[in-house]
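# Reading the structure
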Amino acid sequence: QVQLVESGGGLVQPGGSLRLSCVGSASGSISRINTMGWYRQAPGKQRELVAIISTGGSTNYADDVKGRFTISRDNAKNTVYLQMSSLKPEDTAVYYCNAVTSSWTVYWGQGTQVTVSS
């Protein structure tokens, strides 16, 4: 089992910044965590990819966050970060941490609310 715990969400004004963190902890016999990432789900919408990062540091971003968000990770700590800048009201959503293990098992965090509003 892998548990993912997110932190760092909150209320921010348009144009502001937030940094999300997600710590992964494994219990029992478990495959190595490979790709980690962030997804988000706004009210009434489907969950969508925000950004993902491989163990080697390769990244992929959704088009509407490119240039504003930066994903990074600390492999030794199984921790992934999402630095969000120039936030817009449309970035408002519940942000979920995601991890995929070497056995292709997918895990999700509980989600953290990000609200962009004046």
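Further up the page is the structure itself.
These lines cover the structure that appears in this document, whether it is placed above or below. Per chain, residues are indexed from 1 in the order of the written sequence. Local features are withheld for residues below a pLDDT of 70 in this predicted model, meaning they are given only at 70 or higher, and side-chain atom pairs are given and counted only at 80 or more; totals for whole chains, interfaces and linings count all residues. Where side-chain values are given, they derive from all heavy atoms of the structure, hydrogens and water being excluded.

Here the focus is the nonpolar core. By nonpolar core is meant a set of buried Ala, Val, Leu, Ile, Met, Phe, Trp, Tyr and Cys residues that side-chain atoms within 4.5 Å join together. Relative accessible area decides the class of each residue, using a 1.4 Å probe on protein chains only: under 20% of the type maximum gives buried, over 50% gives exposed, and in between gives partly exposed. If you look at the biggest cluster of nonpolar residues, it comprises 29 residues, and the most contacted ones within it are W38, L82, M84 and Y95. At the level of elements, β1 (2–7), β3 (18–26), β4 (33–41), β5 (48–53), β7 (69–74), β8 (79–84), β9 (93–101) and β11 (112–116) are the ones that each hand at least two residues to this core. Runs of H or I in DSSP of at least four residues are treated as helices and runs of E of at least two as strands, each being numbered from the N terminus. Counting residues per element, this core draws most heavily on β9, at four residues. In this structure, M84 is in contact with G16, S17, L18, L20, R68, F69, Y95 and V114, ignoring residues within four places of it in sequence. Any two residues having at least one pair of non-hydrogen atoms within 4.5 Å are treated as being in contact.

Take the packing of aromatic side chains next. The geometry of an aromatic ring pair is captured by the separation of the ring centres together with the interplanar angle, meaning the angle of the planes. Centre distance within 6.5 Å is the pairing criterion for rings of Phe, Tyr and Trp, where only the six-membered ring of Trp is used; planes under 30 degrees apart are then read as stacked, over 60 as edge-to-face, and the remainder as tilted. By the definition in use, this model includes one aromatic pair. Pairing Y39 with W108 gives two aromatic rings, centres 5.0 Å apart and planes at 70 degrees, and the pair type is edge-to-face. Of this pair, Y39 sits in strand β4 while W108 sits in strand β10 (residues 106–108), placing them 69 residues apart in sequence. We classify W108 as partly exposed; its relative accessible area is 37%.

Quick look at the environment of L49 now. By secondary structure assignment, the location of L49 is in strand β5. In sequence terms L49 and Y39 are 10 residues apart; their C-alpha atoms lie 4.4 Å from each other. Those residues within four positions of L49 in sequence are excluded, and the remaining contacts are W38, Y39, N60 and A62.

The residue S86 is located in the loop between β8 and β9 in this model. The spatial distance from the C-alpha of S86 to the C-alpha of F69 is 8.4 Å, given a sequence separation of 17 residues. In this view, S86 contacts G15, G16, S17, R68 and D91; residues no more than four positions away in its chain are not counted.

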